[in-house]
Amino acid sequence: MTEDDYVSALVKFIGEEFLHGEARAELNETTPLMESGVLDSLRVALLLTHIRDEMALYVSPAKIDAHHFKDIRTIAGMLHELSQESDEQGEKA
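Please read these numbers as outputs of a predicted model, since none were measured by experiment. Residue positions are given per chain, counting from 1 as you read along its sequence in written order. Per-residue local features are limited, in this predicted model, to residues with pLDDT of at least 70; the limit for side-chain atom pairs, both in listing and counting, is 80 or more; totals at the level of whole chains, interfaces and linings are taken over all residues. In computing side-chain properties, one takes all heavy atoms of the structure into account and sets aside hydrogens as well as water.

Got a sec to walk through the overall build of the protein chain? Specific residues and values, please.
Only runs of H or I of at least four residues qualify as helices and only runs of E of at least two qualify as strands under DSSP, and these elements are numbered from the N terminus. Looking only at helices and strands, the protein chain has 4 helices and 0 strands in total. Sequence-ordered secondary structure for the protein chain, helices as α and strands as β, is α-α-α-α. Radius of gyration: C-alpha atoms only; globule rule: 2.2 Å multiplied by the number of residues to the exponent 0.38. In summary, the protein chain has a C-alpha radius of gyration of 13 Å against a globular reference of 12 Å for 93 residues, a match within 12%. Here the C-alpha coordinates of the protein chain stretch approximately 45 × 25 × 20 Å along the principal axes. We call two residues in contact whenever any of their non-hydrogen atoms come within 4.5 Å of each other. Counting contacts in the protein chain only where the partners sit at least 6 residues apart, residues at least 24 apart contribute 61% of the total. Here the protein chain displays about 5700 Å² of accessible surface, and carbon together with sulfur accounts for 50% of that area. The Shrake-Rupley method, run with a 1.4 Å probe sphere, supplies the accessible areas, and residue values consider only the shown protein chains as cover.

Here it is, written out as structure tokens:
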């Protein structure tokens, strides 16, 4: 998946699972997720489960902080980086 693919998937998931009405329509890749209250600790856990189950990526506890979950674009960049690392490790095996 490209970084833009991750952005699209995350906007869809976060919008459908965590937001309703006008808030869903206003969600975009740069919406501040923590500051605006879209993400809290429970929702981060649900998002991580979705990432693991649907995108087959594991986000280490070291990356679970406000910096890496600032907005959808930031999360997508982290996921794209993780997928590349995963691909490289798969090639070495």
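Right, picking up where we left off after that structure.
Quick one: what's the story with the pattern of salt bridges, residue by residue and with numbers?
By convention in these notes, a salt bridge is any Lys or Arg side-chain nitrogen within 4 Å of a carboxyl oxygen on Asp or Glu. For the structure shown, the criterion picks out 6 salt bridges. Between Glu81 and Lys63 there is a salt bridge; the shortest N-O distance is 3.9 Å. Taken as a pair, Glu81 in helix H4 (residues 72-92) and Lys63 in the loop between helix H3 (41-55) and H4 lie far apart in primary sequence, 18 residues in all. Within this structure, Glu3, Asp4, Glu29 and Arg73 form a network of salt bridges that share partners.

Give me the lowdown on the environment of Thr2, citing residues and values where you can.
Considering the arrangement of structural elements, one finds Thr2 in the segment before helix H1 (3-18). C-alpha separation for the pair Thr2 and Ala25, spaced 23 residues apart in sequence, amounts to 23 Å.

Which residues make up the side chain of Thr31, and what values do they have?
Tracing the backbone shows Thr31 in the loop between helix H2 (21-26) and H3. Contacts described as polar in this section are N or O atom pairs within 3.5 Å, which, within protein, must combine one atom able to donate a hydrogen with one able to accept it, while residues neighboring in sequence count only if both atoms come from side chains. At a separation of 2.9 Å, a polar atom in the side chain of Thr31 contacts the main-chain amide nitrogen of Asn28. Look past the residues within four positions of Thr31 in its chain and what remains in contact with it is Glu26, Ser36, Lys70, Asp71 and Ile72.

It is worth stressing that arrangement in space is one thing and function is another; only the former is reported here.
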